[in-house]
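Here's the letter readout for the chains.
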Amino acid sequence: MGLTRRQVDLAYLSKLSLTNFRGFQHLELDLPTGVIVLAGGNAQGKTTLLEAAYLLAIARSFRAENEREVISFGAGGEQALVRGIVEGPTGRVAVNVGYQAIPTAAAPGDGPSTPARGGWSYSVRKQIRVDRQRCTAAQLVGTLGAVLFNAEDINLVFGSPSVRRRYLDILISQADPRYITALQRCQRVVLQRNQLLKLLREGRAKADELDFWNDELVREGSWITWRRQQVIRRLAPYCAGHHRDLSDNPHDLELEYRPSVPAGEDLEDTEAAFRDALAAFQHRESATAATVIGPHRDDFRLLVNGLDMGTFASRGEARTLALTLRLGEAAFLTEARGDEPVVLLDDVLSEMDASRRLRVMEKAALCRQALITTTDWELAYAHFGGGATYFLVEGGQVTPHPGVSPPVDSG
């Protein structure tokens, strides 16, 4: 199974505007549908453009550990802003994500802080608006569907379970608005429950106080586990299909969900299994003062010919598997949302042989809108030719690529 061109007016990002965002002081970029190639040298801002587009979809930067990082050092206290225009079958939607730096003087002895201009520290206030109406990050997710592949995605194969959980959480949240709300509630329940477990271990609380939080954990956690199982089952055939297309391995890719609580065939079975597991782990939780089962402990494995690729894949195989997961994500979202997500491919053509590059570009050409970054525009042009749009990204500026559309001599 793969992406196919639909004959309806699907959503896409028609304009991207940046103000004081990383290396871009001001940018207004009109984006067409189809393949868009963002070419340029390293550290020129190509990935920043994908970061901004993805930010409009999931309300968080995939690169920044702290949101202070996205504000340009030349902003001089002004707001950093990412703005996008989403065109869809129901009309045009404007999405704005703004960051305001708020300087605060660090008092002597305050401890470590993030330095700002002049030795001050500062915090960042983020504000999200959709068509001028303020909204939360949870409310924004789903306005624009997007899938991102970058070099760090190799950790989907080799990394910790938290990386794969984040992949699942972002995927499901874009398809089901109920999921992100349930996930946030479950995270709060785990936090409160852990605090109570510490008090119990210290003898400062009564055991029956845990009953309420157990009920909350069972209700929220069971639904998330059950929903993840459903999604893995629907996602797996897409991933298997893309793996066959991209890999020379004759064996199919399998996704094996490994929840900390066995997921039943329905929600009721899952809740019953969750309660049994809580009882079984009661002594361990008392000793560790931590919630040891629940969605925050789940994982999934990638198996090829029965082998766990987290252990046996080469680096090249892992990169192909990570791309397979992203293409599967795009296909799943197309089915679940009724429109294709914007596909963002960061340096996808590197570290691939010619055969795999060709297959990836063939898939990109089927997307409603795909943004591809590369240091070698000629490599992309050799495949797409005039069927793509090419931009040169250099020093915080984005211009039509001179190698494709040379400037017209007006003299």
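Definitions and cut-offs
Residues numbered from 1 in each chain as written. Predicted model: local features only at pLDDT ≥ 70, side-chain atom pairs only at ≥ 80, totals over all residues. Heavy atoms only, no water. Helix = DSSP H or I, 4+ residues; strand = E, 2+ residues; numbered from the N terminus. Rg over C-alpha atoms; globule rule 2.2 N^0.38 Å. Buried < 20%, exposed > 50% of the residue type's maximum accessible area, 1.4 Å probe, protein only. Contact = heavy atoms within 4.5 Å. Areas by Shrake-Rupley, 256 points an atom, 1.4 Å probe, with all protein chains shown as cover. Phe/Tyr/Trp six-rings, centres within 6.5 Å; stacked < 30°, edge-to-face > 60°. Axes fitted to C-alpha atoms, helices over the stretch in contact; angles between N-to-C directions. Parallel < 35°, antiparallel > 145°, perpendicular 65-115°, else oblique. Nonpolar A, V, L, I, M, F, W, Y, C, P; charged D, E, K, R; others polar. Pairing = 2+ DSSP bridges. Core = buried A, V, L, I, M, F, W, Y, C linked by side-chain atoms within 4.5 Å. Polar contact = N/O pair within 3.5 Å; in protein donor to acceptor, adjacent residues only side chain to side chain. Salt bridge = Lys/Arg side-chain N within 4 Å of Asp/Glu carboxyl O.

K.L.:
Looking at this structure, how should I read the overall build of the protein chain?
P.N.:
Within the protein chain one finds 12 helices and 15 strands. Compactness check: the protein chain gives a C-alpha radius of gyration of 23 Å against a globular reference of 22 Å for 411 residues, within 12% of the reference. Counting only C-alpha atoms and orienting by the principal axes, one finds that the protein chain spans roughly 85 × 65 × 40 Å. Looking at the protein chain as a whole, 50% of its 411 residues qualify as buried. Within the protein chain, residue pairs in contact and separated by at least 24 positions form 72% of the contacts whose partners lie at least 6 positions apart. A total accessible area of about 19400 Å² is found for the protein chain, and carbon and sulfur atoms account for 49% of it.

K.L.:
Hey, could you run me through the packing of aromatic side chains in this one?
P.N.:
Given two aromatic rings, their pairing is described by the distance between the two centres and the angle made by the two planes. Under the counting rule described, the total for this entry stands at 6 aromatic pairs. Taken together through their ring pairs, the aromatic side chains of Trp 377, Tyr 381 and Tyr 390 make up a single cluster.

K.L.:
Explain the packing of helix 6 (residues 210-246) against helix 11 (residues 354-365) to me, please; I cannot follow it from the model alone.
P.N.:
Any two packed helices are characterised by the angle at which their axes cross and by the distance between the axes. In the contact formed by helix 6 and helix 11, the axes pass within 9 Å of each other and the chain directions differ by 135°. For the element pair helix 6 / helix 11, the angle class is oblique. Contacts between helix 6 and helix 11 involve His 242, Asp 245 and Leu 246 from the former and Arg 356, Arg 359, Val 360 and Lys 363 from the latter. Split into classes, the residues belonging to the contact of helix 6 with helix 11 amount to 2 nonpolar, 1 polar and 4 charged.

K.L.:
When you look at the environment of Arg 337 in this model, what are you seeing that I'm missing?
P.N.:
Relative to the helices and strands, Arg 337 is located in helix 10 (residues 315-337). Along the chain, Arg 337 and Glu 378 lie 41 residues apart, while their C-alpha atoms are 35 Å from each other. Excluding residues that lie within four positions of it along the chain, Arg 337 makes contacts with Gly 142, Thr 143, Leu 144, Gly 145, Gln 174 and Ala 175.

K.L.:
Quick question: what am I supposed to make of the sheet that holds strand 9 (residues 253-258) here?
P.N.:
Picture the strands of a sheet paired through backbone hydrogen bonds; they go either parallel or antiparallel. Taken in spatial order, the 3 strands of this open sheet run 9-10-11, and their pairing is antiparallel. Each edge of the sheet is formed by a strand with only one pairing partner; in this case those strands are strand 9 and strand 11 (307-308). Bridge analysis of strand 10 (residues 299-304) against strand 11 gives 2 bridges, and the strand direction is antiparallel. From the neighbouring strand, Val 304 faces strand 11, where its bridge partner is Leu 307. Here helix 6 sits on the sheet in contact with strand 9 and strand 10, set at roughly 165° to strand 9.

K.L.:
Can you walk me through the nonpolar core in this structure?
P.N.:
It is characteristic of soluble globular proteins that their nonpolar side chains tend to be buried jointly. Of all hydrophobic cores here, the largest spans 67 residues; its most connected members are Leu 255, Leu 323, Val 348 and Phe 384. The greatest single-element share of this core, amounting to 11 residues, is contributed by helix 6. Sequence-distant contacts of Phe 384, defined by excluding residues within four places in its chain, comprise Val 35, Val 37, Met 361, Ala 364, Ala 365, Ile 372 and Tyr 390. In this structure, Leu 49, Ala 57, Val 82 and Ile 170 belong to the second largest nonpolar core, which totals 45 residues.

K.L.:
Please explain the sheet that holds strand 8 (residues 146-149) as it appears in this structure.
P.N.:
Here 6 strands make up an open sheet; going across it, the order is 8-12-13-3-14-15 and the pairing mixed. Lying at the two open borders of the sheet, with one neighbouring strand each, are strand 8 and strand 15 (397-400). For this sheet the average axis-to-axis angle between neighbouring strands, irrespective of direction, equals 20°. In this sheet, strand 15 lies alongside strand 14 (residues 388-394) in antiparallel orientation, the contact comprising 4 bridges. By the bridge assignment, Leu 392 is partnered in strand 15 with Thr 399. The sheet strands contacting helix 12 (residues 377-384) are strand 3 (34-39), strand 13 (369-374) and strand 14, and the helix crosses strand 14 at an angle near 175°.

K.L.:
In this structure, what is going on with the side chain of Thr 291? I would like to understand it.
P.N.:
Considering the arrangement of structural elements, one finds Thr 291 in the loop between helix 8 (282-288) and strand 10. A distance of 3.0 Å separates a polar atom in the side chain of Thr 291 from a polar atom in the side chain of Arg 193. Non-local contacts of Thr 291, meaning those with residues more than four positions away in its chain, are made with Val 190, Arg 193, Asn 194, Leu 197, Leu 217, Glu 285, His 296 and Arg 297.

K.L.:
What am I meant to see in the pattern of salt bridges here?
P.N.:
Opposite charge on two side chains permits pairing when their charged atoms draw close. Applying the stated criterion to the full structure yields 29 salt bridges. Taking the shortest distance from any N to any O, the salt bridge between Glu 67 and Lys 126 comes out at 2.7 Å. Here the residue Glu 67 occupies a position in the loop between helix 1 (46-58) and strand 4 (80-88), and Lys 126 occupies one in strand 6 (residues 121-130), the gap between them amounting to 59 residues. Here Glu 67 falls in the partly exposed class, since its relative accessible area comes to 27%. Looking at Lys 126, the relative accessible area reads 25%, which means it is partly exposed. Among the salt bridges present, the one from Glu 256 reaches Arg 258, with a minimum N-O distance of 3.2 Å. Put simply, Asp 248, Asp 353, Arg 356 and Arg 359 are held in one network by salt bridges that share partners.

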